[in-house]
Amino acid sequence: MEAIVGTAQGRVRGRVRDGVAAFLGIPYAAPPFGAHRFAPPQPVQPWDGVRDAVEFGPTAPKPGYVRPFDVLLPDPEIPGEDCLNLNVWTPDAGGSGLPVMVWIHGGAFRNGSGAVPIYDGTHFARDGVVCVTLNYRLGVEGFANLTGAPSNRGLLDQIAALTWVRDNIAAFGGDPGNITVFGESAGAMSVTTLLSLDLAREQGLFRRAISQSGAGEIAQDPEDAMLVTREIAQRLGIDPTAEAFATLEPAEILNVQAAVAAEVTALPDPGRWGRTTAASGMSLMPILDGELLTRRPVDAIAAGAGSEVDLLTGYTSEEFRLFLVPTGLTKVVNADIAAAILNGMGMDPALAAAYQAALPGGTPGDALCAIITDGFFRIPAHRVAERRTASPQGAPTYMYEFAWRTPERDMGACHALELGFVFDNLHMPEGFALAGPKPPQDLATTMHRAWIDFATHGDPGWPRFDPETRPVKIFDGVDDKIANDPKAAERMLWAAGR
């Protein structure tokens, strides 16, 4: 069966299967190439007739993951220039008033797309939600600091997509007044950044937000961002300007971009890459450009930005094991290497001894995973929650921790593991390398329902965060308890920040 829906740009034809209508590859902005290369997102040219929306549209240029991450994180590449597109799953294209959830994918601001299989929104639609996934410009195209081009082009794409959703989602049965924006990793960092821009108050783009493993301390100083741009440009033999980069096809940039990113991640050196770049371990990210982004998201939130938006934020228990364990790096990291990495990321190397003591039998690599998990994911999430609850007039904040441990590769409760549970897509073979072939469906049912409940009426089903008791919902697949101030001793080690 098929379904036809009218948007502001023209009619689209989707496919209906098992009561869910899917509309794939709908453009929300013009192709960001040619005259539009390195420009803010431009309006879509309207079309006549009915446009087919039955296949995923092109993905943004990206280098692809290297092994073993290409297996752990399947990331399809679809050629074509019309990459600023989105996908909609709805249970009732002729209905109205359904809650809307808009997904912003992760991938370190250089990988990912709305077409990743595990992000299929069918089961959200099955359960009464209009689900949207989107693409945005990545890497140099979306985030490099280029002379002659606006910064934060990838963020501007996300805002354009949310604007499209606000203006068009009623035609798909959604309620434009009840939109939840959610994301993981770089997508969660994007969500927290968008929250800090007061887009809900000023433009009515979303009512609620969910930040999975990415809080509010990621923002690159423009000078640090230019160090990365200059390095990429030098290796390409061009000037660090939008005009010079535009003389190259995106594919000609990707290998150099990936090489620089790998160097930043392997040994974050503030002397070479700048403090804010080294602290994140990422080469490209949102920039403090003084226009769109004037301060770190956590600082804007502390000043009251986004206070009217309900927030659900959290992390996995062992985030960083995804990055160090499958590659075998935990086995080669010694105390000196760990100290160099921590020092480069702006974390106190003395933390190693404290974390090592809390991990009987653990290696320096295991301790390093635990420290970066806390310093990069868990503690920043708590800081956002603390700052939002400083004002009793603010909207509620809820916290969670995903603690179920995968049986695969000793990765534990690692980064990205919760994705199949949130989307209730554990049946997909693309997720088996990360979660194994038989992850607990009961946990997915519980977690998926909590996300839907939060998006529907702002309450996921456990107490809201307050700085006195610090309740955190623990999703472990056993008793899924509420823990007050879990790992308090480790949290106190970070009281002074980093």
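Residues numbered from 1 in each chain as written. Predicted model: local features only at pLDDT ≥ 70, side-chain atom pairs only at ≥ 80, totals over all residues. Heavy atoms only, no water.

**Describing the side chain of Thr313**
And then number 1: For Thr313, the position within the fold is in strand β10 (residues 310–316).
And then number 2: Overall, Thr313 belongs to the buried group, its relative accessible area being 2%.
And then number 3: Within the local environment of Thr313, its side chain forms a polar contact with the backbone oxygen of Ser211, the two atoms lying 3.5 Å apart. (Helix = DSSP H or I, 4+ residues; strand = E, 2+ residues; numbered from the N terminus. Buried < 20%, exposed > 50% of the residue type's maximum accessible area, 1.4 Å probe, protein only. Polar contact = N/O pair within 3.5 Å; in protein donor to acceptor, adjacent residues only side chain to side chain.)

**Considerations on the packing of aromatic side chains**
The way to describe two aromatic rings as a pair is by their centre distance and the angle between their planes.
And then number 1: Enumeration over the complete set of coordinates arrives at 22 aromatic pairs.
And then number 2: When the ring of Phe124 is compared with that of Phe423, the centres are 5.4 Å apart and the planes differ by 80 degrees; the resulting orientation is edge-to-face. Remark: Phe423 occurs in the loop between α18 (419–422) and α19 (432–435) and Phe124 occurs in helix α2 (residues 122–126); sequence separation between them is 299 residues. The same class applies to Phe124 as to Phe423, namely buried.
And then number 3: Each member of the aromatic cluster is reached from another via a ring pair, and the members are Tyr398, Tyr400, Trp451, Phe454, Trp462 and Phe475.
And then number 4: Directly above the ring of Trp47 sits Arg51, whose terminal nitrogen or CZ lies 5.1 Å from the centroid.
And then number 5: The positively charged end of Lys473 is found above the aromatic ring belonging to Phe475, 5.6 Å away from the centroid. (Phe/Tyr/Trp six-rings, centres within 6.5 Å; stacked < 30°, edge-to-face > 60°. Lys NZ or Arg CZ within 6 Å of the ring centre and 35° of its normal.)

**Quick look at the nonpolar core**
And then number 1: Counting residues in hydrophobic clusters, the biggest one holds 110 residues, and the most contacted among them are Phe23, Leu86 and Phe206.
And then number 2: Leave out the neighbours within four places in its chain, and Phe23 touches Ala3, Val5, Val12, Arg13, Gly14, Ala53, Leu86, Asn87, Val88, Thr90, Ala93 and Phe172.
And then number 3: Ranked by size, the runner-up nonpolar core spans 42 residues in total, among them Leu72, Phe182, Trp404 and Leu419. (Core = buried A, V, L, I, M, F, W, Y, C linked by side-chain atoms within 4.5 Å. Contact = heavy atoms within 4.5 Å.)

**As for the environment of Val16**
And then number 1: Following the sequence through the fold, Val16 ends up in strand β2 (residues 11–17).
And then number 2: Between the C-alpha atoms of Val16 and Ala93, which are 77 residues apart in sequence, the distance is 9.9 Å.

**Let's talk about the packing of helix α7 (residues 222–236) against helix α9 (residues 250–266)**
And then number 1: Two numbers describe how α7 lies on α9: the axes approach to 10 Å, and their chain directions differ by 130 degrees. Here α9 runs oblique to α7, going by the angle between their axes. For α7 against α9, the interelement crossing comes out right-handed. Residues Val228, Glu231, Ile232, Arg235 and Leu236 of α7 touch α9, and the partners they reach there are Glu252, Ile253, Val256, Gln257, Ala259, Val260 and Glu263.
And then number 2: Broken down by class, the residue content of the contact of α7 with α9 amounts to 7 nonpolar, 1 polar and 4 charged. (Axes fitted to C-alpha atoms, helices over the stretch in contact; angles between N-to-C directions. Parallel < 35°, antiparallel > 145°, perpendicular 65-115°, else oblique. Left-handed = near helix turned anticlockwise from the far one by under 90°. Nonpolar A, V, L, I, M, F, W, Y, C, P; charged D, E, K, R; others polar.)

**A short note on α9**
And then number 1: Helix length check: α9 (17 residues) gives 24 Å between terminal C-alpha atoms against 24 Å at 1.5 Å per residue, within 8%.
And then number 2: When α9 is considered as a whole, its buried residues turn out to be Pro250, Ile253, Leu254, Val256, Gln257, Val260, Ala261 and Val264.
And then number 3: The inward-facing, buried residues of α9 contact α3 (139–143), α7, α8 (242–245), α10 (270–273) and α11 (275–280). (Expected span 1.5 Å × (residues − 1).)

**Digging into the state of the cysteines**
And then number 1: Applying the stated rule across the entire model yields 0 disulfides.
And then number 2: Not part of a disulfide, Cys414 finds its nearest cysteine sulfur in Cys369, a span of 10 Å.
And then number 3: With a relative accessible area of 0%, Cys414 lands in the buried category. (Disulfide = S-S within 2.5 Å.)

**Quick look at the pairing of β2**
And then number 1: The pairing of strand β1 (residues 2–6) with β2 spans 5 bridges and is antiparallel. Looking at β2, one finds that Gly6 is bridged to Arg11.
And then number 2: The turn joining β1 and β2, which pair antiparallel and follow one another in sequence, is formed by 4 residues; a positive phi near 155 degrees is taken by Gly10.
And then number 3: The pairing of β2 with strand β4 (residues 50–52) spans 3 bridges and is classified as parallel. Bridge pairing links Arg13 to Asp52 in β4.
And then number 4: When β2 meets strand β3 (residues 20–27), the two strands line up antiparallel, connected through 3 bridges. Residue pairing in the sheet places Arg15 in a bridge with Ala22 of β3.
And then number 5: Where β2 folds back onto β3 in an antiparallel hairpin, the turn is made up of 2 residues, including Asp18, whose phi is positive at roughly 55 degrees. (Pairing = 2+ DSSP bridges.)

Read these as geometric descriptors, not functional statements.
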